[in-house]
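Spelled out, the chains give:
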Amino acid sequence: MKITDIPKIGIGTFGSDRVDAESVSKAVEYALRHGYRHVDCASVYGNEAQIGTVLKKAFDEKVVSREEVWITSKLWNDMHSGEDVIKSCRQSLKDLQIDYFDLYLVHWPFPNYHPPKCDVTSRSPNARPFVHEEYMRTWRMMEKLIDMGLVRHIGTSNMTVSKLSGVLRDARIKPYVNEMELHPAFQQKELLEFVKKNGIVPVAYCPLGSPGRPERDKTPEDVADMEEPIVKKIAEKHGIHPASVCLKWESGCGAVPIPFSTNPKNIDSNFKSVMEDPLSEEEMAEMEKVDRNCRLIKGQVFLWKDAADWHDLWK
């Protein structure tokens, strides 16, 4: 069966900064053998070649066909210019050993680049703020990828309402997806409703509040979603893990969560959480009280020179 719409849950593959690429690829292999039909990748994760080996094996052994799996990748910040967009897409296709992407995203709206091993807290001297006209030049090349048959859908990531409004106004092909940080402690109601109103699918990264995020990226105000009393209460009521409540909440909001795990038990549980037994309307209403506007991915790496603070990224 050919997949034409993005599946309700995907397996994320971000984690190679703390988990080796081989473990991530084994997680993808397990997920494909246990019901997942959606794999969210990115060139910057540094593991597409390993995942490509797993995908080829799954296709060759007829675990699934290519047409049954939704595969996403993303354009990294140093490849926003002209033909670099096509070059990057082709490289990811080669690494993943496939002929086309179901979805290809602009990973961040800023054409910023930190060289390998650069201190993550430093500011790139070449970094620049968002400029709509520059972004649209990149978007024209993204549209060209569809024209070339390399990509079936294109989308945005880490955008805001104001930035997306300009893209929707000027794009020939509008975004199919906006990938965004979304979890109970950071519900982004305005952005979530905006993308849905405009026919854009919201994809939720950090759907569990990113509990495994490196300590260097945490700040005192960060919230552990799975420790929230309301989340724990609903979990106890249903006899499930608090992580399942978070995923059910995202799905109930109309979003597609892409949790990352290398633990088979958790991979199975995440899938079941979204595919079975949604939260009730009353429980969804109760979950609104968990929101603390707690952004976890603060974008320190993407600050441009002389920016006042990271809040400038999200205007």
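Take Asn-178: it is sitting in strand E6 (residues 177-181). For Asn-178, the residues in contact, after removing those within four places along its chain, are Thr-156, Ser-157, Asn-158, Met-159, Leu-164, Leu-191, Val-195, Ile-200, Val-201, Pro-202 and Val-203.

Turning next to the pairing of strand E7 (residues 201-205). With five of five residues buried, E7 is to be regarded as a mostly interior element. Alternating positions in E7 separate into two faces, Val-201, Val-203 and Tyr-205 on one and Pro-202 and Ala-204 on the other, with burial throughout. As paired strands, E6 and E7 are joined by five bridges and run parallel to one another. When the bridges of E7 are listed, Glu-181 appears paired with Tyr-205. Since E6 and E7 lie parallel, the crossover through helix H6 (residues 189-197) that links them has a hand, and here it is right-handed. Here two bridges tie E7 to strand E8 (residues 256-257), and the two strands are oriented parallel to one another. In the sheet register, Ala-204 faces E8, and the bridge partner there is Pro-257.

It is worth spelling out the packing of aromatic side chains at this point. For any pair of aromatic rings, the description rests on two quantities: the centre-to-centre distance and the angle between the ring planes. Going through the model one piece at a time under the given rule, you end up with seven aromatic pairs. Ring pairing ties together the aromatic residues Phe-110, Phe-130, Tyr-135 and Trp-139, which thus form one cluster. Here Arg-66 stacks its cationic end above the ring of Tyr-100, 4.0 Å away from the centre of that ring.

Calculation notes
Residues numbered from 1 in each chain as written. Predicted model: local features only at pLDDT ≥ 70, side-chain atom pairs only at ≥ 80, totals over all residues. Heavy atoms only, no water. Helix = DSSP H or I, 4+ residues; strand = E, 2+ residues; numbered from the N terminus. Contact = heavy atoms within 4.5 Å. Buried < 20%, exposed > 50% of the residue type's maximum accessible area, 1.4 Å probe, protein only. Pairing = 2+ DSSP bridges. Right-handed = clockwise from strand over helix to strand, strands pointing away. Phe/Tyr/Trp six-rings, centres within 6.5 Å; stacked < 30°, edge-to-face > 60°. Lys NZ or Arg CZ within 6 Å of the ring centre and 35° of its normal.

Remember, this is a structural readout, not a statement about activity or role.
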